[in-house]
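What the coordinates show
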Amino acid sequence: MALDESKKPGPEQGGEEYNASQIQVLEGLDPVRKRPGMYIGSTGPRGLHHCVYEIVDNSVDEALAGFCTNIQVTIHEDNSVEVLDNGRGMPVDEHPKMHKPAMEVIMTVLHAGGKFGGGGYKVSGGLHGVGASVVNVLSDFMQVESMRGGKIYRQTYSKGKKTSEVEVVGDCGRQTGCRVIFHPDKEIFDEIEFSYSTLETHLRETAFLNKGIKISLTDERGDKKKKGVYHYEGGIKEYVKFQNANKQPIHPDIIYYEYKKKDQEVEVAMQYTDSYTEVILSYANNINTVEGGTHLVGFKTALTRAVNNYALKAKLLKENDEPLSGEDIREGLTAIISVKLTEPQFEGQTKTKLGNMDMRSFVDQVTTENVFAFLEENPAQARVIIEKCIKAYRAREAARKARDLTRRKTALDSTSLPGKLADCSEKDPALSEIFIVEGDSAGGSAKEGRDRKRQAILPLRGKILNVEKASADRMLRSDTIKDMITAFGCGIGSEFNIEKLRYHKIIIMTDADVDGAHIRTLLLTLFFRHMPKLIEEGYVYAAQPPLFRVKVGKGEKVGKDLWYTYSDKEQEKLLADLAAQGKTKPEIQRYKGLGEMDAEQLWETTMDYNNRTLVQITVDDMAAADQIFTTLMGDKVPPRKKFIEENAHYATLDV
Ligand code: 28G
């Protein structure tokens, strides 16, 4: 799913204290087991799946070098993962310096990939680029086979140490390729269960970005048996089609161009839809550059220039009209920009911002030429596109006027915070939190039960506008949304300023039912579309109210004779435990909504810093998130129905 809620703030983010005794000379692969997060990002689900991507990337590199066309990924019954490619196979000859077979060096020496000098691959992917050896160290079992020169060579490992020599185990005729099987180590990972849909999303994306490569995914586990094949001759052109599957395109052709020179490649595909949102996914060497970078800047500048120039030339804009802004030109646009280069520099907080300066002018030049040419060659489609941009411009003007009005109102009004907000007394945003609470009755309990110093409450009354289907000015006329924007203090859209945010925890507190999930989704849609930084910077959370209260006897002390449980599974386990202890029949209350809890219970179970569980909302995958919001909130009913049917079990948590 798109929103990875597994990231809970832990000591890692808080920064552990270092002292001299902890400083040591790090060598070999030991440090990888000591600090796995440094190499694969985390030991949660993200890091676990990252291991698969790391191995698959080696096959993709072989494909980009022109020697591999087929990659098969299999999740086995025991949660081990197998990757098979039909490349040239891993070399097994003796490494000149290490005096060990190349295969053993690749699998057991950190960053071995880069140490071969000279003959390295032209472009190389991989988010951390740490290679197979890191995955090897984090696996309690690993096996590598190389098919080369008619023989099958094999070596096995455990926790990064070889458990056999490189041996010939059979013949393979003219077949060549590489097979890797690994089983993640339970001592390292929080959980070792792979998610089919997480792997599917990533492998599909990889297939879109590397046209012609065929990638398959097979799940052999128990009742989950599944298979998917991802193979797109049209590459990112088909990616745009896929992204727009549930949207309404306003012109038939996908604008597509690519350009290759020696060490730089750019490939772009785009199409306008009638939606209000802009979806631009940018990649450098197959890595999703979430923070953008030079390639994205080059694209945006050129698109604005090309559209304005054409609009003038075609007399769709007049000489003394104001030029269309970039934002107007990108409304409703779905675009994929993929660049490949030899020495990518990744910057930014999450190392997903491309820094190579020459990419800017390269993408700019290629885009200006090609977009202008498309518009000239397709005047009918050009007209539809430019009319859409002009409409966006007018709507934005109207929204600006509406905003000016509200701003003037708040400037005159001394008590400018919304009336429904019960604010906290703390002024430091880092120490303050705001609960967005569904319903007035729960809002009342929350106001009564809260910590007045640090917790603010904003009850939501009435419906939340579905921003997916509303224009910006209509959105700004919604009272609920206005209240929220005013309470947060950080503005919206192009005037958004994260520095002014008044609370560093925005906690959505809704019922644990379908309606609650729906309200949460509406709120997340609003944040995702209009204040994405709130989510990106990790300020948005979902509260986890309990589903059951279980009492034995008086039920006075939590953990002794009173329990709250948060899932059916947890409840079952508790009841089984109590039965095993031979306790008297417990009294069970099922909470249908937050409103059923009194102030004290709400505090104790959901708001108290010491007892509560908050789930941080993070966007793992912008492309998937956009699709989910479009599907859930957009106009087309059948895909929404299908999505909800297929994901009914996720409905309470995953979005
Ligand atoms: C199945 C799962 C993962 C791989 C190859 C093929 C070669 C290779 C791999 O060479 C040395 C370092 C970087 C080029 C290269 C074979 C040249 C000639 C290869 C894989 C040399 C390693 N013949 N296929 N490594 N490289 N597949 N799949 O790991 O510069 S790894």
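Fair warning: this is a prediction, and the values are worked out from it, not measured in the lab. (Residues numbered from 1 in each chain as written. Predicted model: local features only at pLDDT ≥ 70, side-chain atom pairs only at ≥ 80, totals over all residues. Heavy atoms only, no water.)

1. What to know about the pairing of strand β11 (residues 264-272)
The side chains of a regular strand alternate between the sheet's two faces. Applicable threshold: When accessible area is computed with a 1.4 Å probe and restricted to protein chains, residues below 20% of their type maximum are described as buried, those above 50% as exposed, and intermediate ones as partly exposed. A run of H or I in DSSP counts as a helix once it spans at least four residues, and a run of E counts as a strand once it spans at least two, with each numbered from the N terminus. The rule for pairing is simple: two strands pair if DSSP sees at least two bridges between them.
Most of β11 is tucked away: nine of the nine residues are buried. Neither face of β11 is left uncovered, since the one carrying Gln 264, Val 266, Val 268, Met 270 and Tyr 272 and the one carrying Glu 265, Glu 267, Ala 269 and Gln 271 both have all their residues buried. Bridge analysis of strand β10 (residues 255-260) against β11 gives six bridges, and the strand direction is antiparallel. Looking across to β11, one finds that Tyr 257 is bridged to Val 268. The loop that links β10 with its antiparallel partner β11 comprises three residues.

2. A short note on the packing of helix α15 (residues 479-488) against helix α16 (residues 514-530)
Relative orientation and spacing of two packed helices are given, respectively, by the angle between their axes and the distance between those axes. As a reminder, the rule being used: Axis definition: a line fitted to C-alpha atoms, over the contacting stretch in the case of helices. Angles run 0 to 180 degrees between N-to-C directions. Any angle between 65 and 115 degrees counts as roughly perpendicular, while under 35 counts as roughly parallel, over 145 as roughly antiparallel, and the rest as oblique. For a crossing to be left-handed, the near helix must be turned anticlockwise from the far one by less than a right angle; the clockwise case is right-handed. In what follows, a contact means two residues having at least one pair of non-hydrogen atoms within 4.5 Å. Residue type decides the class: Asp, Glu, Lys and Arg count as charged, Ala, Val, Leu, Ile, Met, Phe, Trp, Tyr, Cys and Pro as nonpolar, and the leftover types, Gly among them, as polar.
Put simply, α15 and α16 touch, their axes get as near as 13 Å, and they point 60° apart. In terms of orientation, α15 and α16 fall into the oblique class. Note that α15 runs across α16; the crossing there is right-handed. Residues Ile 481, Met 484 and Phe 488 of α15 form the contact with α16, whose own contacting residues are Leu 523, Leu 526 and Phe 527. Here the contact of α15 with α16 is built from residues that sort into six nonpolar, no polar and no charged.

3. Points about the sheet that holds strand β23 (residues 587-590)
With antiparallel pairing, three strands are arranged side by side in an open sheet as β22-β21-β23. Each end of this open sheet is capped by a strand with a single partner; those strands are β22 (562-565) and β23. Shown here is a sheet whose adjacent strand axes are inclined to one another by a mean of 15°, direction ignored. Bridge count for strand β21 (residues 548-551) against β22 is four bridges, and the pairing is antiparallel. Bridge assignment links Phe 548 to a residue of β22, and that residue is Thr 565.

4. Description of the sheet that holds strand β13 (residues 287-288)
One open sheet holds the five strands; their spatial order is β10-β11-β14-β12-β13, and the pairing between them is mixed. Every interior strand has two partners, whereas the edge strands, β10 and β13, have only one. Alignment of strand β12 (residues 279-284) against β13, held across two bridges, turns out to be antiparallel. Within β13, the position partnered with Tyr 283 by the bridge is Asn 288.

5. A short note on the packing of helix α13 (residues 440-449) against helix α19 (residues 599-607)
One can describe the packing of α13 onto α19 by two numbers: an axis separation of 8 Å at closest approach and a directional angle of 80°. The angle between α13 and α19 places the two elements in the roughly perpendicular class. In contact with Ala 442, Ser 445, Ala 446, Glu 448 and Gly 449 of α13, α19 contributes Ala 599, Leu 602, Trp 603 and Met 607.

6. Some thoughts on the pattern of salt bridges
Definition in use: The salt bridge definition used is simple: a Lys or Arg side-chain nitrogen within 4 Å of an Asp or Glu carboxyl oxygen.
What the rule picks out here adds up to 30 salt bridges. Between Glu 258 and Lys 211 there is a salt bridge whose closest N-O contact spans 3.3 Å. Remark: Lys 211 occurs in the loop between α7 (196-209) and β8 (214-219) and Glu 258 occurs in strand β10; sequence separation between them is 47 residues. Between Lys 573 and Asp 577 there is a salt bridge, and its shortest N-O distance comes to 3.1 Å. Remark: Asp 577 and Lys 573 occur in helix α18 (residues 568-580); sequence separation between them is four residues, near one turn of the helix. Judged by relative accessible area, which is 33%, Asp 577 ranks as partly exposed. Each member of the salt-bridge network shares a partner with another, and the members are Glu 327, Asp 328, Glu 331, Lys 388 and Arg 396.

7. Quick word on the packing of aromatic side chains
Aromatic rings considered in pairs are described by the distance between their centres and by the relative angle of their planes. The cut-off we apply is this: For Phe, Tyr and Trp, rings pair up if their centres lie within 6.5 Å, where Trp contributes its six-membered ring, and each pair is then called stacked (planes under 30 degrees apart), edge-to-face (over 60) or tilted (otherwise). Note on geometry: a ring has a charge over it if NZ (lysine) or CZ (arginine) is within 6 Å of the ring centre and within 35 degrees of the ring normal.
Scanning the entire structure with this criterion turns up nine aromatic pairs. Centre to centre, the rings of Phe 182 and Phe 194 are 6.3 Å apart; their planes meet at 90°, and the pair counts as edge-to-face. Of the two residues, Phe 182 sits in strand β7 (residues 177-184) while Phe 194 sits in the loop between β7 and α7, which places them twelve residues apart along the sequence. Here Phe 194 falls in the buried class, since its relative accessible area comes to 2%. Note on Phe 208 and Phe 242: the rings are 5.4 Å apart at their centroids and 50° apart in plane angle, and the pair reads as tilted. Taken together, the residues Phe 208 in helix α7 and Phe 242 in helix α8 (residues 236-243) connect sequence positions 34 residues apart. Overall, Phe 208 belongs to the buried group, its relative accessible area being 2%. Relative accessible area serves as the criterion here: at 27%, Phe 242 is assigned to the partly exposed category. Lying over the aromatic face of Phe 67, Arg 88 brings its terminal NZ or CZ to 3.7 Å of the ring centre.

8. Let's talk about α19
Condition: Picture the helix axis, draw a direction to every C-beta atom, and the arc is the one those directions span. Polar contacts, as counted here, are pairs of nitrogen or oxygen atoms within 3.5 Å of one another; within protein the pair requires one atom able to donate a hydrogen and one able to accept it, and residues that are adjacent in sequence qualify only if both atoms are side-chain atoms.
Of the positions making up α19, those classed as buried are Ala 599, Gln 601, Leu 602, Thr 605, Thr 606 and Met 607. What you see down the axis of α19 is that its buried residues fit within an arc of 155°, all on one side. Its side-chain oxygen 3.1 Å from the backbone nitrogen of Glu 600, Asp 598 forms the N-cap of α19.

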